[in-house]
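Descriptive analysis of the structure
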Amino acid sequence: MLPKPLEELQKIFEAFPGIGPRQSSRFVFFLMKQPKEEIDKIIHALNEMKKEVRLCRECYLPAGSVQDCFVCSDLKRDKNIVYVVEKESDALNMESAKILDGVYFVLGENISPMQGLQTAKERAKDLVRRVKKHGGGKEIVLALNNTREGNFTALYVEELLKENFGGKEIKITRLGRGLSTGSELEYSDEETLRNALENRR
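Positions within a chain are numbered from 1, following the residues in the order the chain's sequence is written. Given that this is a predicted model, residues contribute local features only at a pLDDT of at least 70 and side-chain atom pairs are listed and counted only at 80 or more, while totals for whole chains, interfaces and linings are drawn from all residues. Only hydrogens and water are set aside; all other atoms, that is, all heavy atoms of the structure, feed into the side-chain values.

1. So, the pairing of strand 1 (residues 81-85)
Think of it in three bands: with a 1.4 Å probe and only protein chains considered, a residue is buried below 20% of the maximum accessible area for its type, exposed above 50%, and partly exposed in between. Every helix listed is a DSSP run of H or I at least four residues long, and every strand listed is a run of E at least two residues long, numbered separately from the N terminus. The buried count for strand 1 comes to five of five residues, which makes it a mostly enclosed element. Here strand 1 shows no split at all, with Ile81, Tyr83 and Val85 on one side and Val82 and Val84 on the other all buried. Two strands make a pair as long as DSSP finds a minimum of two bridges between them. The pairing of strand 1 with strand 3 (residues 139-142) spans four bridges and is parallel. Looking at the pairing, isoleucine 81 lines up with glutamate 139 of strand 3. Pairing between strand 1 and strand 2 (residues 103-106): four bridges, direction parallel. Bridge assignment links valine 85 to a residue of strand 2, and that residue is valine 106.

If you want it as structure tokens, here you go:
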């Protein structure tokens, strides 16, 4: 029904997380109405993202053209306190709570027992290497979503950490009450996140 370029653009938007056919159609028609200058800005921003933005070598947050992200390069942060999250947006939302003194580690996805997802398993091994690099760690906070997949991932990472640091004093905690079952960090308000972080166990 739509011209081919618009159909292709609609399919691209549909691949975005949480975007269905109706929303992707709105995006397409919105872009159609924009002047050429605005479209050029979007194209330029995408090209710059591809050229300039890298993942932090320490935690996998976006790092721009430098090696470390804005968190890992902050000398005031305690690198022995690590908040393990699923997505970059989870870390940014936790930053808004303004009570953190540690650093992050992004798994990139949940570990699913039903799907052959490997990114999180590989990054979990990187987490172990990072903790060893900084002297064994003081506390690892499994700040993962309170969903079935998030809890399975937390259990997997916790077991991996215990295998590697079982004989050392390393505290492994999870977020406390405040996040209801099935909730995601990305959409949690600051007060709920603050309560979950302060009451971690």
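Once you've had a look at it, read on.
2. Considerations on the sheet that holds strand 2
Read from one edge to the other, the open sheet built from four strands follows the order 2-1-3-4, with strand pairing classed as parallel. Because the sheet does not close on itself, it has two edges, and the strands there are strand 2 and strand 4 (171-174). Strand-to-strand twist in this sheet, taken as the mean axis angle between neighbours without regard to direction, amounts to 25 degrees. Contact criterion: two residues are considered in contact whenever any of their non-hydrogen atoms come within 4.5 Å of each other. Between N-to-C directions, angles cover 0 to 180 degrees, with each direction set by a line fitted to C-alpha atoms, over the stretch in contact for helices. On top of the sheet, helix 5 (residues 119-133) reaches strand 1, strand 2 and strand 3; it is set at about 150 degrees to strand 2, its chief contact. In the packing of helix 6 (residues 148-165) onto the sheet, the strands contacted are strand 3 and strand 4, and the crossing angle to strand 4 comes to about 175 degrees.

Everything listed here is a matter of geometry and, on its own, says nothing about what the molecule does.
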